[in-house]
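Below, each chain spelled out in residue letters.
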Amino acid sequence: MSQVFHTEEFANGLTLVAESVADVSSTALTISLPAGVRFDPSGRIGSATVLAEWCFRGAGGRDTRGLNDALDALGCDHGESVSGRHMVFSATQLARNLPSVLEIYADVLRRPMLADETFAPSRDLVAQDLEALEDEPARKAMMQLREKFYPDPLGRGIYGTSESLAALTAESLRSHASTSMSPQGAIISVAGKFDYDQLRDMIGEYLGDWSTPALQPVELTPPQRGVNYIAKESAQMHITLAHKTVTIADDQYYAARLAATVLSGGMSSRLFTEVREKRGLVYHVSCSYNSLKDHAGMFTYAGMVPAKAQETLEVTVGELRRIAVDVTAEELTKAKTQLKSSLVMQGESTGARAGAIAADYYHLKRLRSLSEIANAIDAVTIEQVKDHLKQFPARDFVMLAIGPEQLDTSCLNA
Amino acid sequence: MEFKTTTLENGLTIVAEVNSSAKSMAAGFFAKTGSRDETDEVSGVSHFLEHMMFKGTERRDPLEVNLEFDQMGAMYNAFTSEENTVYYAGVLPEFQDALLDLMGDLLRPALRQEDFDMEKEVILDEIARYEDQPTFKMYEQLMASHFAGHPLARNVLGTPESITALKRDDMQDYFDRRYSPGNVTLVGVGNIDWERFQTKADEMCAHWTPFDAGRTLARCPGAATRSAIADPKINREQIGIMSPAPAAQDDSRFAAQLLSTIVGDTSGSRLYYALVEPAIADEANTAYDMLDGTGAFMTFISTDPARATEAVDIAIGEFDKIMKDGFSEVELQAAKNKIASAATLKGELPMGRLTAVGFDWVYRKEYMPLAQQIELLFSMSADDVMAVAREYDLTKVTVQALGPLEKI
């Protein structure tokens, strides 16, 4: 499968990456600003999340309604999200509407109104999201696990606390916006149907003279780690575990991904087979790979009725370790087919491709073609997977559990 | 894009939208059966059976089934609703035959006692999992309240009691009553080799014995009640508002979709400006659910308990305003653009197109290319949309709350 990639690094630190996708009529756009919650001032965590909401309350001479109406009239399916590292604006539309959508986004990036009267409701929505998180223990457990696992502030939860949100003012947030929303290290990714020359020229015209200085890198403090338990009268116990693995840029990356697939890819995977199919302990158990730039983890989740929690924990930890000893060539072959097949299917979605090339550029400073990835997957040997699992054993877990029952966690250190 | 269809002698219909430029294909068995086709004694059997379909046949044991799917690198799953049970998978085109061999076989399950007993544990855990998701619990209650006395009031998962009491033979009886080839449609989408597709389907399914598996349809005017379930352990108030809407078979379904988008799309709609923008609710949106022989407009609101009643009043006030004063041409155009855009994006993926093509057939025995549907959508006038708003009184609502409040 041949792919057509484009990359343009502008003088102000902004990079455009683009991939043409054949036989589609849509174009997906994502704008990733290095303005995630890790850059939020201490005491005002949640700034980025409120700011992302506030940015859409009018920009460039349009008020909230005008901005929404303009995007709706273009059939633009848009959203904003915040992670530890990025504030991300994403928009998908028919290809012919991309130029008009870009023009509007240039306003959002450079000329957001950030008016006093729209500040409070923007903050209140995030405060409500924080409240709602208490009603969703599975999501809360995973979010808090990341906080405990990664060095602070890399794994920071995106909603802050009720105190940190209350500490925000329109003025402090405008000041934060003026330094955090910068083209330095920003990535604009486009996938689907487009005229590349026109796209590059438009971005140059709209954003080429944008020159906010780069943010200072954050200082890291070691995470708390260990075993954490939050008592809650929920119907299920929600158990989460994290242990260390390699980052995307590492030579062992593909071995790590294949090991994760053997563990948790599909219904014949180790975890699904042993925990659900053979023992009926859970409805949901899974383990997924997650990478930041310099740190990466394997994150495991299982939810079960409390009476089965102890056994689930022990069986799950046992399986996370057992594959290091007895992963088979057949399992590796199957995992390779699964990973490659999901790549091809994901390649049919312009939104997924826009996300994938943005991530490639962020982690690797280059774009990987599907055939490069497929070849790298094929090249991994069973010895490499075993070596990897020996070097990064399922030990030194960070655990976070929410539910009615505190568990015996001695199996984590056995 | 080419449409193909054939019907086997036993009544199983096969439909396919062939797109030879796609890189993958998707296939699904759409069984027209769900919780509305159950009785009290076997509440939850449709969904439990959906799980058991993956537990093997005379030819395959459960672990072999899982292994075969994964060896093809398939993306696969199934879902059960009040009225449909759908088994689906996406694969690269080279696995078309192997996929149909596997899925066609699975649709005649062995239902072994030991697998049944093990899976029962998983179902009970799944019920507990949804207990920890207030939005889902509220939805179940809303359906039960609004459709009280109608088969659509039956919940999909069943209860711990009904599942515990369920016997393997009850499930076999249900299967023998519902999974007639005439009540199942095989749907293919994407890069499909049609000749081989129908040959393989014939090989796998032609021996299925047909029988009558009808369903009695009735409109539901809706209970128009107000109720709250107090749960002090929950922080937020989850509110559902439901009113009658056109059925899946009605020509006014496009107009109904436009109406629900104008009223309650997640952004830029009446409810967005009335509730979300001022942060009275963190979520407020309306969806149009087209059902077999009936339909519903469903609005979800998540709010602070202290503002719950206010939020409901505001929402119903917005419904009333639309019915009285209508909407602007700008709002109508925006709704058309949004729906067309979302359908186009979904349509670029075989897995996205599968349910659209499948349900068009299940409900209306009709195939319509996406381009034609979009054309029809754009041909709708403000009068067409207002006709729906007038015929289906948006303010005749059932309200269901779940959260800290004792009443709403």
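Structure first, text after, so check above.
Cut-offs and rules
Residues numbered from 1 in each chain as written. Chains lettered and ligands numbered in written order. Predicted model: local features only at pLDDT ≥ 70, side-chain atom pairs only at ≥ 80, totals over all residues. Helix = DSSP H or I, 4+ residues; strand = E, 2+ residues; numbered from the N terminus. Rg over C-alpha atoms; globule rule 2.2 N^0.38 Å. Buried ≥ 20, exposed ≤ 12 C-beta atoms within 10 Å, placed from the backbone. Contact = placed C-beta atoms within 7 Å. Pairing = 2+ DSSP bridges. Axes fitted to C-alpha atoms, helices over the stretch in contact; angles between N-to-C directions. Parallel < 35°, antiparallel > 145°, perpendicular 65-115°, else oblique. Left-handed = near helix turned anticlockwise from the far one by under 90°. Nonpolar A, V, L, I, M, F, W, Y, C, P; charged D, E, K, R; others polar. Core = buried A, V, L, I, M, F, W, Y, C linked by C-beta atoms within 7 Å.

On to the overall build of chain A, then. In terms of regular secondary structure, chain A is built from 15 helices and 11 strands. For 414 residues, the compact-globule formula gives about 22 Å, and the C-alpha radius of gyration of chain A, at 22 Å, lands near that figure. In terms of overall dimensions, chain A has C-alpha extents of about 60 × 50 × 35 Å along its principal axes. Within chain A, the fraction of its 414 residues that count as buried is 51%. Put simply, 81% of the contacts in chain A that link residues at least 6 apart link residues at least 24 apart.

So, about the interface of chain B and chain A. In this assembly, 52 residues from chain B lie in contact with 58 residues from chain A. Contributing elements (two or more residues each) for the side of chain B that touches chain A: helix H2 (62–71), strand E5 (85–91), helix H4 (113–131) and helix H12 (329–347) of chain B. Sorting elements by how many residues they give to the side of chain B that touches chain A places H12(B) first, with 10 residues.

A separate point is the sheet that holds strand E4 (residues 75–80) of chain B. All names here are of chain B. Spatial strand order, E1-E2-E6-E3-E5-E4: six strands in an open sheet with mixed pairing. Looking along the sheet, the strands with just one partner apiece sit at the ends: strand E1 (2–7) and E4. Within the sheet, the average angular offset between the axes of one strand and its neighbour, ignoring direction, is 10°. Direction of pairing for E1 relative to strand E2 (residues 13–18): antiparallel, over a ladder of six bridges. Across the sheet, the residue bridging to threonine 5 is valine 15, located in E2. Taken strand by strand, helix H13 (residues 350–364) contacts E2, strand E3 (25–31), E4, E5 and strand E6 (184–190), and its axis lies near 145° from that of E6.

It is worth spelling out the sheet that holds strand E6 (residues 187–192) of chain A at this point. Residue and element names in this part refer to chain A. On the basis of which strands lie adjacent, the open sheet formed by six strands has the order E1-E2-E6-E3-E5-E4 and mixed pairing. The open sheet has two free edges, formed respectively by strand E1 (4–9) and strand E4 (77–82), since each of these has just one partner strand. Across the sheet, the mean angle from the axis of one strand to that of its neighbour is 10°, orientation sign disregarded. By the bridge criterion, six bridges tie E1 to strand E2 (residues 15–20) in an arrangement that is antiparallel. By the bridge assignment, glutamate 9 is partnered in E2 with threonine 15. Seen against the sheet, helix H1 (residues 47–54) touches E4 and strand E5 (87–94) and runs at an angle of roughly 160° to E4. Relative to E5, helix H3 (residues 98–110) is tilted by about 160°, and along the sheet it contacts strand E3 (26–33) and E5.

Moving on, we come to the packing of helix H1 (residues 45–52) of chain B against H4(B). Working note: a packed helix pair is described by the angle between its axes plus the distance between those axes. Residues and elements named next belong to chain B. At a minimum axis separation of 10 Å, H1 and H4 run at an interaxial angle of 120°. Taken together, the axes of H1 and H4 are oblique relative to one another. Between H1 and H4 the crossing geometry is right-handed. The residues of H4 that touch H1, namely those facing Phe48, His51 and Met52, are Asp115, Phe116, Glu119, Val122 and Ile123. For the contact of H1 with H4, the per-class residue count stands at five nonpolar, one polar and two charged.

What follows is about the nonpolar core. With 122 residues, the main nonpolar core has Val101(A), Leu259(B), Leu275(B), Ala311(B) and Ala315(B) as its most contacted residues. Dropping the residues within four chain positions of it, Val101(A) is found in contact with Leu29(A), Leu71(A), Leu74(A), Cys76(A), Ala91(A) and Gln93(A). Grouped together as the second largest cluster of nonpolar side chains are 120 residues, Phe29(B), Phe54(B), Tyr88(B) and Leu166(B) included.

This brings us to the environment of Leu291(B). Residues and elements named next belong to chain B. Structurally, the position occupied by leucine 291 is in strand E9 (residues 281–291). The class of leucine 291 is buried, set by 22 C-beta atoms lying within 10 Å. A sequence separation of 208 residues divides leucine 291 from glutamate 83, and the C-alpha atoms of the two residues are 7.9 Å apart. Leaving out residues up to four positions away in the same chain, leucine 291 has contacts with Glu83, Leu152, Ala247, Ala248 and Ala296.

A separate point is unusual backbone geometry. Here the amide bond leading from Asp152(A) into Pro153(A) is cis, since omega sits at 10°, within 30 degrees of zero. Phi is positive for Ala224(B), close to 55°, though the residue is something other than glycine. Summarising the element assignment, Ala224(B) is placed in the loop between helix H8 (194–205) and strand E7 (226–230). If you check the backbone angles, Lys365(B) has positive phi at about 50° while not being a glycine. By secondary structure assignment, the location of Lys365(B) is in the loop between H13 and helix H14 (370–379).

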